[in-house]
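# Coordinate inspection notes
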Amino acid sequence: MSEIEQKTVLVVDDVMPNRKLLNALLSRQGFNVLEAENGQQAVEMYQQHDDLYMIFMDVMMPVMDGNEATRTIKQLAGNRFIPIIMVTALDEHQGMAKGVEAGADDYLTKPIDAILLNSKLKAMQRIRDLHDLQEKQYKQLQAIQKRIDDEQRLAESILNAAIGNRKDSIPNLTSTVQPAELFSGDLVLQTVREDGSWIAMVSDFTGHGLPAAVGTVPVTDSYYTMSRKGLDARQILCELNYKLKNFLPVNMFMCCALLDYSPDSRQLTIWNGGMPKILVKDGNTGKVSQTIDSADVPLGIVEKSVDDFQFEVLNVNPGDAVVVFSDGLTEAENESGEQLGLDRLISVVEANPVEQLENSIVSDWQSFQAEGKQLDDVTLLTVYF
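Residues numbered from 1 in each chain as written. Predicted model: local features only at pLDDT ≥ 70, side-chain atom pairs only at ≥ 80, totals over all residues. Heavy atoms only, no water.

With that settled, consider the sheet that holds strand β5 (residues 106-110). Taken in spatial order, the five strands of this open sheet run β2-β1-β3-β4-β5, and their pairing is parallel. Edge positions in the open sheet fall to β2 (32-36) and β5, since each of these has one partner strand only. Looking at each pair of strands side by side, their axes are set apart by 20 degrees on average, direction ignored. Bridge analysis of strand β1 (residues 8-12) against β2 gives five bridges, and the strand direction is parallel. Residue pairing in the sheet places Val 11 in a bridge with Glu 35 of β2. Along the sheet, helix α1 (residues 16-28) makes contact with β1, β2, β3 (54-58) and β5, crossing β2 at roughly 165 degrees. Strands β1, β2 and β3 of the sheet are contacted by helix α2 (residues 39-48), whose axis makes an angle of about 135 degrees with β2. (Pairing = 2+ DSSP bridges. Helix = DSSP H or I, 4+ residues; strand = E, 2+ residues; numbered from the N terminus. Axes fitted to C-alpha atoms, helices over the stretch in contact; angles between N-to-C directions. Contact = heavy atoms within 4.5 Å.)

Structure, rendered in structure tokens:
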């Protein structure tokens, strides 16, 4: 039995002898042959026989010509590959071109040569095999992608449950976390103590996506356990550093900024380990009066004791504000590859009231990036006093 045996083909021609000749040649090859007298019949027969292996289409026919029939059948077929071979006279070069434009895959010239017909059949078989392989691989990729999507949704659910919505509401503090992918390696954690003081932490794990997000689970648990037990900032940082150094692989670490505020003394204690400059806006002048540079390495890199953490202590006044952000914000790129940059961010901070800083910064970032691709997680924390 040949590879093409029992396949059904359709021969379309308004001249009966032409149909019968091609029918005979194809029948010898083992095909089951159907016939149609014009393009309209061809379309109807295609709709009735969706298992057609191939169509041989004459060009000049009444009711509906071959080009229109070819165009219609190809539209009906969608992604399914149905080879259509135009059958034309030797001098119908323009008809051949129009047939190809209509969607024909090849052509034969009249009178039909049996050897050439056999070659066309083999060529279409190779093309069909390639198309079937491509379709099979596409379906396999779809199945793989669906499995990945399902696994990511499960991972997202587990991470959300592990991290939870446990943060307290600190007065006048707002935050935004916008992941570059489904998962974020950035965190904003905050706790209000019984005496009214509060502590907040912004962290940024190396990389982004699921690998970065995994590290947020132990950090969140440890942070809330320690902060609600009343441990001070140094103890919290020391414990987080110890856990991350022993938990993370050597190529992963966590940049971090920690803010500890006491309303009684109006003192704000800040630690910056690997984060961009923290901006301090003066309530009187409206200007960025100070920047807090990173004074330490990120957490999870080297062993540290409680006394190794160095803090910046600020006396804040009513109307002052602090802006903490990840490098995904200032390194955001527009369509031209230009980065937003620190100078632009400072100009936005100085141009807007402290109550509107978060909305103003986010709006400016989104406007700047426009259609550009977000390359990294973007995290922003603003607080005013």
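There is more to say after this.
What follows concerns the pattern of salt bridges. Inspection of every chain in the model, using the stated rule, returns 12 salt bridges. Where Asp 106 meets Lys 120, a salt bridge forms, and the shortest distance between an N and an O atom there is 3.0 Å. Taken as a pair, Asp 106 in strand β5 and Lys 120 in helix α5 (residues 114-163) lie far apart in primary sequence, 14 residues in all. Residues Asp 106 and Lys 120 agree in their burial class; the two are buried. In this structure, Lys 304 engages Asp 296 in a salt bridge whose closest nitrogen and oxygen atoms are separated by 3.1 Å. In this pair, the class of Lys 304 matches that of Asp 296, namely buried. (Salt bridge = Lys/Arg side-chain N within 4 Å of Asp/Glu carboxyl O. Buried < 20%, exposed > 50% of the residue type's maximum accessible area, 1.4 Å probe, protein only.)

This brings us to helix α7 (residues 216-227). Here α7 contains 12 residues, and its C-alpha end-to-end distance of 16 Å stays within 8% of the 16 Å for a straight helix at 1.5 Å per residue. Buried residues dominate α7, accounting for nine of its 12 residues. Thr 216, Val 217, Val 219, Thr 220, Ser 222, Tyr 223, Tyr 224, Met 226 and Ser 227 are the residues of α7 that are buried. (Expected span 1.5 Å × (residues − 1).)

Before going further, it helps to examine unusual backbone geometry. Of note, the amide linkage connecting Lys 110 to Pro 111 takes the cis form, showing an omega dihedral of -5 degrees. Looking at where Pro 111 falls in the secondary structure, it is placed in the loop between β5 and α5. A positive phi angle is found at Val 63, which is not glycine, with a value near 70 degrees. Inspection of the secondary structure assignment puts Val 63 in the loop between β3 and α3 (66-77). Positioned with a positive phi, Arg 266 is a non-glycine residue whose angle comes to about 55 degrees. Here Arg 266 shows up in the loop between β9 (254-262) and β10 (267-273).

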